[in-house]
Amino acid sequence: MRIVGLTGGIASGKSTVSNLFKASGIPVVDADVVARNVLKKGSGGWNRVVAAFGEEILLPSGEVDRPKLGQMVFSDQSKRQLLNKLMAPYISNGIVWEILKQWAKGAKVIVVDIPLLFEVKMDKWTKPIVVVWVSEETQLKRLMERDGLSEEDARNRVMAQMSLDLKRSRADVVIDNNGGLDDLNQQFDKVLSEVRRPLTWSEFWRSRQGVFSVLGLVTSGLFVCKQLNNGS
Ligand SMILES: CC(C)(COP(=O)(O)OP(=O)(O)OC[C@H]1O[C@@H](n2cnc3c(N)ncnc32)[C@H](O)[C@@H]1O)[C@@H](O)C(=O)NCCC(=O)NCCS
Ligand SMILES: Nc1ncnc2c1ncn2[C@@H]1O[C@H](COP(=O)(O)OP(=O)(O)OP(=O)(O)O)[C@@H](O)[C@H]1O
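Since we're looking at a predicted model, the values are computed, not measured.

Trainee: Provide a residue-level description of the overall build of the protein, including the pertinent values.
Mentor: Along the protein, the regular secondary structure elements total eleven helices and five strands. Each principal axis of the C-alpha distribution contributes one length, and for the protein these read about 80 × 45 × 25 Å. The burial tally for the protein puts 41% of its 232 residues in the buried class. Restricting the contact set of the protein to residue pairs at least 6 apart, pairs at least 24 apart contribute 73%. In the form shown here, the protein has an accessible surface area of approximately 13200 Å², with 57% of it arising from carbon and sulfur atoms. Computed over 32 positive and 26 negative side-chain charges, the separation of the two mean positions in the protein equals 9 Å.

Trainee: If you had to explain the layout of surface pockets to someone new, which residues and values would you point to?
Mentor: Approximately 1600 Å³ is the volume found for the largest pocket. If you go around the largest pocket, you meet 45 residues; those closest to its centre are I10, D32, F74, P115 and Q161. Those elements that provide at least two residues to the lining of the largest pocket are α1 (14-23), α2 (31-37), α4 (66-74), α5 (77-104), α6 (136-147) and α9 (181-195). Sorting elements by how many residues they give to the lining of the largest pocket places α5 first, with nine residues. Looking at the lining of the largest pocket residue by residue, the classes come out as 23 nonpolar, twelve polar and ten charged. Space inside the second largest pocket adds up to approximately 310 Å³. Lining the second largest pocket we find 13 residues, and of these M1, I3, V96, I99 and W125 sit closest to its centre.

Trainee: Explain the packing of aromatic side chains residue by residue, including any values.
Mentor: We describe a pair of aromatic rings using the distance from one ring centre to the other and the angle between the two ring planes. This model, assessed by the stated rule, comprises four aromatic pairs. Seen from their ring centres, F21 and F188 are 4.8 Å apart, and the 75° between their planes marks the pair as edge-to-face. Here F21, found in helix α1, pairs with F188, found in helix α9; they are 167 residues apart in sequence, far enough to count as distant. With respect to burial, F21 and F188 carry one shared label: buried. The rings of W201, F204 and W205 are connected pair by pair, giving a single aromatic cluster. The lysine or arginine in question, R168, covers the ring of W133, its NZ or CZ lying 4.3 Å from the ring centre.

Trainee: So what about the site of ligand 1? Which residues, and what values?
Mentor: Of all residues adjacent to ligand 1, which total 21 residues, the nearest are D32, R36, R66, N84 and Q161. Contact between ligand 1 and R36: an oxygen atom at 3.0 Å from a side-chain N or O atom of the residue. Taking Q161, its side chain carries an N or O atom lying 2.8 Å from an oxygen atom of ligand 1. Burial of ligand 1 by the protein chains amounts to 88% of its free accessible area of 770 Å². According to the grid-proximity analysis, the pocket containing ligand 1 is the largest pocket. Of all the secondary-structure elements, those providing two or more residues to the shell around ligand 1 are α2, α4 and α5. Taken together, the residues of the shell around ligand 1 sort by class into 14 nonpolar, three polar and four charged.

Trainee: Can you tell me about the site of ligand 2, naming the residues and giving the values?
Mentor: Neighbouring ligand 2 are 15 residues, the closest being K14, S15, T16, R146 and N177. G13 places a polar main-chain atom, nitrogen or oxygen, 3.0 Å from an oxygen atom of ligand 2. Taking R146, its side chain carries an N or O atom lying 2.7 Å from an oxygen atom of ligand 2. Contact with the protein chains covers 76% of the free accessible surface of ligand 2, which is 630 Å². Because more than half of its atoms lie within 2 Å of the grid, ligand 2 is assigned to the largest pocket. Elements with a contribution of two residues or more to the shell around ligand 2: α1 and α6. With three residues, α1 is the largest single contributor of residues to the shell around ligand 2. Residue composition of the shell around ligand 2, by class: three nonpolar, eight polar and four charged.

Criteria and thresholds
Residues numbered from 1 in each chain as written. Chains lettered and ligands numbered in written order. Predicted model: local features only at pLDDT ≥ 70, side-chain atom pairs only at ≥ 80, totals over all residues. Heavy atoms only, no water. Helix = DSSP H or I, 4+ residues; strand = E, 2+ residues; numbered from the N terminus. Buried < 20%, exposed > 50% of the residue type's maximum accessible area, 1.4 Å probe, protein only. Contact = heavy atoms within 4.5 Å. Areas by Shrake-Rupley, 256 points an atom, 1.4 Å probe, with all protein chains shown as cover. Lys, Arg positive; Asp, Glu negative; His and termini not counted. Charge placed at Lys NZ, Arg CZ, Asp CG, Glu CD. 1 Å grid on protein atoms, 1.4 Å probe; cavity = no way out; pocket = protein on both sides within 12 Å on 5 of 7 lines; lining within 4 Å. Points joined across faces, edges and corners; volume = space filled by probe spheres on them. Nonpolar A, V, L, I, M, F, W, Y, C, P; charged D, E, K, R; others polar. Phe/Tyr/Trp six-rings, centres within 6.5 Å; stacked < 30°, edge-to-face > 60°. Lys NZ or Arg CZ within 6 Å of the ring centre and 35° of its normal. Near = heavy atom within 4 Å. Polar contact = N/O pair within 3.5 Å; in protein donor to acceptor, adjacent residues only side chain to side chain. Sits in = over half its atoms within 2 Å of the grid points.

So, in structure tokens, the structure goes:
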């Protein structure tokens, strides 16, 4: 199985590109969705985060007040590191579980959309790595517009991540998303053919089909050996 890593910076356009992959029939595992699920009321992540940050981060419904927690952690590095430490095991287990589900369904190529792919060192598990890159100016503008943030809050969120230029230098494939959606679609066509190229042997052996082929070969090999032994 080929596990394509999709990353970038906050509001650089990862979800927009994810949607293009989904529309092309390629399954996407979204780390932000996993992170939301492990912070739902009563889940393991929720328990640990509430114990550490206190009940003031909760809404009357008992769910986490995400904008409030975001405000706390994106303006305070030590709080953000604490949140990351508490949630990391739940998020990584959740991502592995979602990948396994796609493997069991027989998917040959999947995309994992992880904003912090390099920061949490999951880049070693994905190939190729696609980075959605924008200039800081475009990133701040789109982030402020999408989330209704002040420039200061938007800058804090951008600064909480590894620089997009550094991510770009570590990419196998770069999508420059400074232009409009037509430009993005044109670049995406090339990315899609790269992602859909035939699997390498090692990717094939990791797919469900590859594992069953090995099992089939081993079983028929054992059967032949047994027949030969019986015959001699
Ligand atoms: C702080 C929280 C509650 C804010 O929730 P909110 O709904 O406002 O934002 P959302 O989850 O949609 O995240 C939006 C973007 O923020 C960025 N971001 C999220 N968490 C972090 C973080 N810990 N460090 C840096 N950037 C982050 C990502 O680019 C993400 O795509 C939430 O982001 C969270 O639980 N973060 C910790 C979990 C995590 O690390 N998520 C990233 C998945 S790898
Ligand atoms: N090429 C584009 N032209 C114009 N607007 C765009 C383009 N690509 C993305 N956008 C807009 O920019 C904003 C951020 O995009 P998107 O939500 O895909 O980013 P993201 O990287 O997934 O963000 P996050 O890290 O917060 O999950 C959205 O409002 C989206 O509609």
